[in-house]
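Survey of secondary and tertiary structure
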Amino acid sequence: MSVQNVLSTIQENNIQFVDFRFVDLAGRAHHITLPATEVDADTFVNGVAFDGSSIEGFRGIEQSDMVMMPDTESVFVDPFTDHPTLNVMCNIHTPDGERYDRDPRSIAQKAEELLQASGVGTTAFFAPESEFFVFDDVRYESGMNKSYFEVDSEEAAWNTGRKEEGGNLAFKIGVKGGYVPVAPFDSQQDIRSEMVRVMQEAGLRVERHHHEVATAGQAEINFRFSTLTKTADNLMLYKYIVHNVARQYGKVATFMPKPLFGDNGSGMHVHMSIFNGDEPLFYDKGAYANLSPLAMHYIGGILHHAPALIALTNPSTNSFKRLVPGYEAPVNLVFSKGNRSAAVRIPIAAVTPKGCRIEFRTPDSTANPYLSFAAMLLAGLDGIKRKIDPVALGYGPFDKNIYELSDEEKKEIRSVPGTLDEALDALEADYEFLTEGGVFTEDFIQNYVSIKRGEAKAVAIRIHPHEYSLYFGC
């Protein structure tokens with residue numbers, strides 16, 4: 001969309017405000033709003049100034065002036081504001097006009113540029129399956145003398161005996177019993193349908209929605225694949241809509257990987273493929289799972305660099321409450337066709353040449369989509385460049401249910417890091433594939449690791465309520 005088309009959209013839709021947005025290192029959106037009367041063609045040339053020192057991980061106070069540069073391809077009319085508002089995603093520039101090398105969105109764009117320069121292909125397509133919970137009540141506190149969390153949901157397994165006004169209407173979803181049941185077990189059909197309606201109005205092409213495995217309102221909505229940066233933009237829009245529609249219903253949505261103990265967590269399985277123009281490069285009829293040698297090398301890169309990747313695709317301490325060996329999460333660094341216990345799965349049901357893709361099942365939605373998608377692409381490209389053979393390295397194919405293997409058999413399978421600190425160690429030891437072509441800088445990696453080490457330490461030094469159960473009587 002041209003600048004003139006954006007200005008026409010403002011006029012035709014009686015837009016009163018324009019909301020300029022950017023994304024921080026953690027993947028959270030921030031915004032500054034201008035009256036539409038103050039927005040003209042020059043705004044898209046000069047950008048919108050903001051204080052970078054107030055955003056964690058960006059700039060020191062002595063270099064705080066930064067500029068949001070609007071991307072006219074990322075506009076949508078906000079579905080939640082009382083006053084008609086147009087939202088625009090932005091890249092971050094320094095005052096002298098340079099792309100800021102800590103801007104996640106610019107990193108994603110540089111990854112796409114590296115793909116085109118590599119000669120491998122022209123376009124990488126991404127499709128995340130981002131799961132979430134919708135709760136009725138969320139309370140938490142972490143202080144000197146108190147530490148707890150409590151969540152509740154009208155459909156949760158723990159509420160079968162709760163006395164409710166008007167009576168308990170039963171039909172609660174059991175632990176691990178929530179995969180696609182109909183109403184009245186699925187109590188959130190209308191909420192998800194409203195989320196889909198709003199997403200469609202905002203420009204997302206939604207393919208389906210359903211209740212997920214866990215009790216207490218776990219859900220999934222799938223939207224159509226697109227290019228790397230566009231998909232990251234779409235995921236930001238998706239999460240914005242999920243959060244705000246839930247709030248309109250008097251509920252609260254979270255993309256936390258493991259908000260409940262003892263039931264499935266929320267992942268973000270990411271489907272990927274590379275095209276050269278209109279030609280799909282991952283398809284080779286008759287090969288294993290119809291995968292081309294190029295696709296196999298891409299898988300090799302993902303699995304070889306997975307321990308370092310995890311620091312970007314699963315970047316929270318809570319991520320590792322989901323990534324626990326022996327449970328439902330794909331912690332096993334192997335590939336397989338149609339096997340959901342493998343970290344890399346190759347979908348085989350109703351797949352066409354253009355639909356041939358791989359699925360990295362380990363990530364979760366605490367990941368910044370711009371950084372994590374870029375990192376996945378760079379790992380795959382490194383696998384292609386170095387012809388990393390996942391079969392020769394013992395990464396598969398592994399077409400067994402890994403969860404049912406003996407302990408002795410499991411010893412032969414490489415696993416993901418067990419903590420955020422371990423993942424950060426792996427990233428510090430293996431990041432050259434990320435700095436290829438200047439996509440990520442060493443400064444970015446060091447800054448990112450420092451911030452994440454701080455998060456890990458903040459959790460590690462706090463007293464856990466379960467420690468009272470274990471040790472108070474000593």
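In the nomenclature of an unreviewed UniProt entry, the chain corresponds to Glutamine synthetase from the organism Paenibacillus phyllosphaerae. You can read under Sequence similarities (unreviewed entry) in the UniProt record for the chain the words "Belongs to the glutamine synthetase family." Under the Subunit (unreviewed entry) heading, UniProt states for the chain: "Oligomer of 12 subunits arranged in the form of two hexagons."

It is worth spelling out helix α11 (residues 420-429) at this point. Residues of α11 that are buried: Leu420, Ala423, Leu424, Ala426 and Leu427. End-on view of α11: buried residues confined to an arc of 155°, all on one side of the axis. Against α7 (306-313), α8 (319-322), α12 (432-435) and α13 (442-460) lie the buried residues of α11.

This part takes up the packing of helix α3 (residues 104-118) against helix α5 (residues 228-248). Where α3 meets α5, the closest approach of the two axes is 8 Å, and the angle between their N-to-C directions is 150°. If you check the angle between α3 and α5, you find them roughly antiparallel. Together, Arg105, Ala108, Gln109, Ala111 and Glu112 of α3 and Leu228, Thr229 and Asp233 of α5 make up the contact between the two elements. Residue classes in the contact of α3 with α5 are distributed as three nonpolar, two polar and three charged.

With that settled, consider the domain arrangement of the chain. Parsing the chain into structural domains produces domain 1 (3-100) and domain 2 (123-462). The C-alpha-based centres of domain 1 and domain 2 are spaced at 29 Å. Summed over both partners, the interface of domain 1 with domain 2 buries about 1,400 Å², with 65% contributed by carbon and sulfur atoms. Three residues stand out in domain 1 for area buried against domain 2, namely Leu25, Phe76 and Phe80, and they jointly supply 43% of the buried area on that side. Applying the counting criterion to the domain 1 and domain 2 interface returns zero salt bridges. At the boundary of domain 1 with domain 2, the tally comes to five residue pairs in polar contact (both at pLDDT 80 or more). Sorting the residues of the side of domain 1 that touches domain 2 by element identifies β1 (17-23) and β6 (85-93) as the ones contributing at least two each. When the residues that make up the side of domain 1 that touches domain 2 are grouped by side-chain class, the tally is eight nonpolar, four polar and six charged.

Core analysis: the largest hydrophobic core is formed by 121 residues, its most contacted members being Phe126, Met195, Tyr238, Ile274, Tyr298, Leu377 and Phe440. Setting aside chain neighbours within four positions, we find Tyr298 in contact with Phe126, Met272, Ile274, Phe282, Ile358, Met376, Leu377, Gly380, Leu381 and Ile384.

In the numbering adopted here, UniProt assigns the feature "binding site: L-glutamate" (unreviewed entry) to Asn264, Gly265, Arg322, Glu328, Arg340 and Arg361. Note on placement: Glu328 falls in the loop between α8 and β16 (332-337). Note that Arg340 resides in the loop between β16 and β17 (342-346). Note on Arg340: relative accessible area 48%, which makes it partly exposed.

Our focus in this paragraph is the packing of helix α6 (residues 293-304) against helix α9 (residues 369-386). Axis separation between α6 and α9 bottoms out at 7 Å; the angle between their running directions is 120°. When the interaxial angle is binned, α6 and α9 end up oblique. Both α6 and α9 take part in a crossing whose hand is right-handed. The segment α6 lies against α9, with Leu294, His297, Tyr298, Gly301, Ile302 and His304 engaging Met376, Leu377, Ala379, Gly380, Leu381, Gly383, Ile384 and Arg386.

Parameters at a glance
Within each chain, residues carry numbers counting from 1 in the order of the written sequence. Local features in a predicted model are, by the rule used here, given only for residues with pLDDT of at least 70; side-chain atom pairs are given and counted only at 80 or more, and totals for whole chains, interfaces and linings are based on all residues. With hydrogens and water set aside, each side-chain value is computed from the structure's full complement of heavy atoms. UniProt positions are given in the numbering used here, feature names are shortened, and annotations may be inferred rather than shown by experiment. Any residue under 20% of the maximum accessible area for its type is buried, any over 50% is exposed, and the rest in between are partly exposed; the area is computed with a 1.4 Å probe on protein chains only. A run of H or I in DSSP counts as a helix once it spans at least four residues, and a run of E counts as a strand once it spans at least two, with each numbered from the N terminus. The directions considered for the arc run from the helix axis to the C-beta atoms. Throughout, a residue-residue contact means that at least one pair of heavy atoms, one from each residue, lies within 4.5 Å. To get an axis, fit a line to the C-alpha atoms, keeping to the stretch in contact for a helix; angles then go from 0 to 180 degrees between the N-to-C directions. The labels follow the angle: roughly parallel below 35 degrees, roughly antiparallel above 145, roughly perpendicular from 65 to 115, and oblique for the rest. Each residue is assigned to one of three groups, with Ala, Val, Leu, Ile, Met, Phe, Trp, Tyr, Cys and Pro labelled nonpolar, Asp, Glu, Lys and Arg labelled charged, and all others, Gly among them, labelled polar. Either an automatic procedure or a domain database provided the assignment from which the domain bounds are taken. By buried area we mean the combined loss of accessible area, with a 1.4 Å probe, across both parts when two parts are placed together. Between Lys or Arg on one side and Asp or Glu on the other, a salt bridge is scored when a side-chain nitrogen of the former is within 4 Å of a carboxyl oxygen of the latter. Two N or O atoms count as a polar contact when they lie within 3.5 Å, although within protein this holds only if one can serve as hydrogen donor and the other as acceptor, and sequence-adjacent residues are included solely when both atoms are side-chain atoms. Side-chain atoms within 4.5 Å are what join buried Ala, Val, Leu, Ile, Met, Phe, Trp, Tyr and Cys residues into a set we call a nonpolar core. Each crossing is labelled by how the near helix is turned from the far one, with a counterclockwise turn of less than a right angle marking it left-handed and a clockwise turn marking it right-handed.

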